[in-house]
Amino acid sequence: FLNEYIEYVTPTKSKSYIRSINLSFKMLIDFADNIPLTRINTQIMDKFITKTAARTRNGALLYYRTLKAAFSKAVLWNYIPDNPLKKIKAPKTSKSFPVFISESELQLILSNTKEEYLKSLFYTAFYTGMRLGELVNMKWSWIDLNNNQITVKCSDSFISKSKKERIIPINQCLKIKLVGYRLRKYDMNEDEYVFYRIKGIKLNENYVSKKFKFYSRMTRLNEKIHFHSLRHSFASLLVQKGVSLYIIKELLGHEELSTTQIYSHLQFQNLREAVNLL
């Protein structure tokens, strides 16, 4: 089942997610042996998650989410009648506020970035909140400069995390950046990747992530800053400017408002500042 499942998800999932699948199943097999899939029941999974959580809550949550998705597919494929994790609650972990950077800190990182395509990619990530997987798959056909918007599109080669297309408006500064970038690249082909190191070859997500970490370290900013911090920064900047969490939810492509509410502490800060004006 694992081999078949990996083969199924590989075309649409990142390498890091594939690694998490392999790790989750390895830990489960170490715990329960390589038994037939039909023998994996709620009791076994409850013991596995509980034992793992006693050692590492974050690890237990990763295994829980990854295995639950895999078992849902096993149900769909008629391998098992029910998902053994369906009646088990996800392990609780301590939540910290997301790390984000300011516009001036972004400029510091960009000033250290040598590659023009990475500069443009980082800038676009900061001002659209797009996921890394979306950015490396983005083609010029996604960008409508007449209507100032980007449409995250699903295709045979790429499916968004929400499995839905969404529209992200772009501001005038980003539009000017993208127009200038395209003119310098001489990219008139709508099916060409927007950001690339070698024309026609999609960027590797791990490569982009490591390069961003490298350049952010050069600025001596918070060590916790990573590529996903650009997405957090987009959302945080909007909250600080008084934008509703409901609107931010749609822009980020979150399925549930509860996911977007990790930024609600910033909203409360705005309310405090508003009251202090009285």
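Keep in mind that this is a model prediction, so the values were computed, not measured.

Caption draft 1: Highlighting the packing of helix α6 (residues 116-128) against helix α9 (residues 205-218). Between α6 and α9, whose axes approach to 11 Å, the crossing angle comes to 90°. One element, α6, and the other, α9, form an angle in the roughly perpendicular class. Where α6 abuts α9, its residues Y117, L118, L121 and F122 lie against Y207, V208, K211, F212 and Y215. Class assignment of the residues belonging to the contact of α6 with α9 gives a composition of eight nonpolar, no polar and one charged.

Caption draft 2: The arrangement of the packing of helix α2 (residues 15-32) against helix α3 (residues 42-55) in detail. Between α2 and α3, the least distance of the axes is 11 Å, while the angle of their chain directions is 110°. Relative to α3, the element α2 lies roughly perpendicular. Residues S24, M27, L28, F31 and A32 of α2 form the contact with α3, whose participating residues are I44, M45, K47, F48, K51 and R55. Looking at side-chain class alone, the contact of α2 with α3 contains seven nonpolar, one polar and three charged residues.

Caption draft 3: Summary view of the side chain of K213. Topologically, K213 is positioned in helix α9. The residues touching K213, leaving out its near neighbours within four places in the chain, are E223, K224 and I225.

Caption draft 4: Main features of the pattern of salt bridges. Scanning the entire structure with this criterion turns up eleven salt bridges. Where E255 meets K164, a salt bridge forms, and the shortest distance between an N and an O atom there is 3.9 Å. Of the two residues, E255 is situated in the loop between α11 (245-252) and α12 (257-260) and K164 in the loop between β2 (149-152) and β3 (166-169); the sequence distance between them amounts to 91 residues. Of the residues examined, E255 reaches a relative accessible area of 45% and is grouped as partly exposed. A salt bridge links K213 to E223; the nearest nitrogen and oxygen atoms lie 3.9 Å apart. In this pair, K213 is assigned in helix α9 and E223 in the loop between α9 and α10 (228-240), connecting sequence segments ten residues apart.

Procedures and definitions
Residues numbered from 1 in each chain as written. Predicted model: local features only at pLDDT ≥ 70, side-chain atom pairs only at ≥ 80, totals over all residues. Heavy atoms only, no water. Axes fitted to C-alpha atoms, helices over the stretch in contact; angles between N-to-C directions. Helix = DSSP H or I, 4+ residues; strand = E, 2+ residues; numbered from the N terminus. Parallel < 35°, antiparallel > 145°, perpendicular 65-115°, else oblique. Contact = heavy atoms within 4.5 Å. Nonpolar A, V, L, I, M, F, W, Y, C, P; charged D, E, K, R; others polar. Salt bridge = Lys/Arg side-chain N within 4 Å of Asp/Glu carboxyl O. Buried < 20%, exposed > 50% of the residue type's maximum accessible area, 1.4 Å probe, protein only.

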